[in-house]
Amino acid sequence: MAALRLLLLAGTAEARQLAAALGGQPGIRVTASLAGATRMPEPLGVATRIGGFGGRAAFAEYLCRERVGAVLDATHPFAAAMSHRSAQVCAELGVAYAQVLRPAWRPHEGDCWEFLNTEADAQKHIPPGSTVFLATGRQTLGRFGDLSGRKVHARLTDPPSGPFPFEDGGWVVDRPPFGLDDEIRTFQRLRVDWLVVKNSGGSSSRAKLDAARALGLPVAMIRRPLQPEGPKLETVAAALTWARRHG
């Protein structure tokens, strides 16, 4: 029997774990796909393509050309447009599809969270004169709109390629993982008053929320966008079981 050709839409910690586990799995040939948002990403240990597919039709053409039998979507919860497209194309072509979607974060005792529907809502909740730490990535910084009167620090994984988009503040260039003590030191050094994050979920980036609780900082939490219909797998173990069942 021919091996299952599985496309792993990657970019998360879960995708890295899945690539490591599936790379030597009998009966499954894995190709990982990275959007290219991070320069010089660490190798995943399986065949990897980098860059977008070029739209809906090109993605469908790729699945057919490569005879992909299953797509495991382990992209970021906020890469919703990509997930919707992938789910729809797979449904049209009869390709098995499942989304690896870790549970959203929920506040614990001692947390002070304000929930935002969009980045633009931040200016309604964060008062002028505040020092703000944006841990939301570079791709959506333009959605925050007018944060004049606030000092803004934005964290990036890679050195910036353009000017700082806010009138006061600057870039914080650093690569994860970030431990609790690291985050506390960063927030204290920058004298942060507000932390802004996307509700990504998962344990690997939870430390910033624990640091905010320890320091008594309010958190502006951006809600997740609507996810596509289809199977949802909350853990790497569940995703491995799904892949092996289709292999």
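You'll find the structure just up there.
The shown structure was predicted, so the numbers you read here are calculated from the model rather than taken from an experiment.

A. Focus on the sheet that holds strand 9 (residues 169–173). One open sheet accounts for six strands, arranged 6-11-10-7-8-9; its pairing is parallel. Lying at the two open borders of the sheet, with one neighbouring strand each, are strand 6 (113–116) and strand 9. Mean inter-strand twist for the sheet, computed between neighbouring axes without regard to direction, equals 20 degrees. Across five bridges, the pairing between strand 8 (residues 151–156) and strand 9 is parallel. Within the sheet, the bridge partner assigned to alanine 154 lies in strand 9 and is tryptophan 171. Taken strand by strand, helix 5 (residues 180–190) contacts strand 7 (131–135), strand 8, strand 9 and strand 10 (194–198), and its axis lies near 145 degrees from that of strand 7. The strands touched by helix 6 (residues 207–215) within the sheet are strand 6, strand 7, strand 8, strand 10 and strand 11 (219–222), with strand 10 carrying the most contacts at an inclination of about 155 degrees.

B. Broad picture of the packing of aromatic side chains. Summed over the entire model, instances satisfying the criterion amount to six aromatic pairs. Pairing phenylalanine 53 with phenylalanine 59 gives two aromatic rings, centres 4.8 Å apart and planes at 70 degrees, and the pair type is edge-to-face. Like phenylalanine 59, phenylalanine 53 is buried. Relative to phenylalanine 115, the ring of tryptophan 113 lies with its centre 5.9 Å away and its plane at 70 degrees, an arrangement referred to as edge-to-face. In this structure tryptophan 113 comes out as buried when scored by relative accessible area, which is 12%. Taken together, Phe53, Phe59 and Tyr62 form an aromatic cluster joined through their ring pairs. It is arginine 49 that lies over the ring of tyrosine 62; its NZ or CZ is 5.4 Å from the centre.

C. Seen up close, helix 5. Within helix 5, the full set of buried residues consists of Glu183, Ile184, Thr186, Phe187 and Leu190. Along helix 5, the residues classed as buried sweep out an arc of 165 degrees about the axis, all on the same side. Exposed residues lying more than 90 degrees from the buried face of helix 5 are Asp181, Arg185 and Arg189. Those residues of helix 5 hidden inside the fold are in contact with strand 7, strand 8, strand 9, strand 10 and helix 6.

D. Representation of the sheet that holds strand 12 (residues 232–233) in the model. Here we have six strands laid out as an open sheet, ordered 3-2-1-4-5-12, and parallel in their pairing. Because the sheet does not close on itself, it has two edges, and the strands there are strand 3 (47–50) and strand 12. In this sheet, strand 3 lies alongside strand 2 (residues 28–34) in parallel orientation, the contact comprising four bridges. Note on strand 3: the bridge partner recorded for alanine 32 is threonine 48. Sheet strands touched by helix 3 (residues 80–93): strand 1 (4–9), strand 4 (70–73) and strand 5 (96–100). Its angle to strand 5, the strand with the most contacts, is close to 160 degrees.

E. Just the nonpolar core, in detail. One finds Leu6, Leu8, Leu18, Leu22, Leu72 and Trp242 to be the most contacted residues of the largest nonpolar core, which totals 26 residues. Among the secondary structure elements, those contributing two or more residues to this core are strand 1, helix 1 (13–22), strand 2, strand 4, strand 5 and helix 7 (236–246). Considering every element that reaches this core, the biggest residue donor is helix 7, with five residues. Excluding its chain neighbours within four sequence positions, the residues that come into contact with leucine 6 are Leu22, Ile28, Arg29, Val30, Thr31, Ala70, Leu72 and Ala243. In terms of nonpolar packing, the next biggest core, distinct from the first, is built from 17 residues, Trp105, Trp113, Leu190 and Leu217 among them.

F. Just the pattern of salt bridges, in detail. Going through the model one piece at a time under the given rule, you end up with 13 salt bridges. Across the salt bridge formed by aspartate 111 and arginine 206, the nearest N and O atoms sit 3.9 Å from each other. Of this pair, aspartate 111 sits in the loop between strand 5 and strand 6 while arginine 206 sits in the loop between strand 10 and helix 6, placing them 95 residues apart in sequence. Judged by relative accessible area, which is 12%, arginine 206 ranks as buried. Between aspartate 158 and arginine 175 there is a salt bridge, with its nearest N and O atoms 2.7 Å apart. Taken together, the residues span a long stretch of sequence, with aspartate 158 in the loop between strand 8 and strand 9 and arginine 175 in the loop between strand 9 and helix 5 at a distance of 17 residues. Classification of arginine 175 by relative accessible area gives partly exposed; the value is 37%. One continuous salt-bridge network, built from bridges that share partners, spans Asp111, Arg206, Asp210 and Arg213.

What counts and how
Residues numbered from 1 in each chain as written. Predicted model: local features only at pLDDT ≥ 70, side-chain atom pairs only at ≥ 80, totals over all residues. Heavy atoms only, no water. Pairing = 2+ DSSP bridges. Helix = DSSP H or I, 4+ residues; strand = E, 2+ residues; numbered from the N terminus. Axes fitted to C-alpha atoms, helices over the stretch in contact; angles between N-to-C directions. Contact = heavy atoms within 4.5 Å. Phe/Tyr/Trp six-rings, centres within 6.5 Å; stacked < 30°, edge-to-face > 60°. Buried < 20%, exposed > 50% of the residue type's maximum accessible area, 1.4 Å probe, protein only. Lys NZ or Arg CZ within 6 Å of the ring centre and 35° of its normal. Arc of directions from axis to C-beta. Core = buried A, V, L, I, M, F, W, Y, C linked by side-chain atoms within 4.5 Å. Salt bridge = Lys/Arg side-chain N within 4 Å of Asp/Glu carboxyl O.

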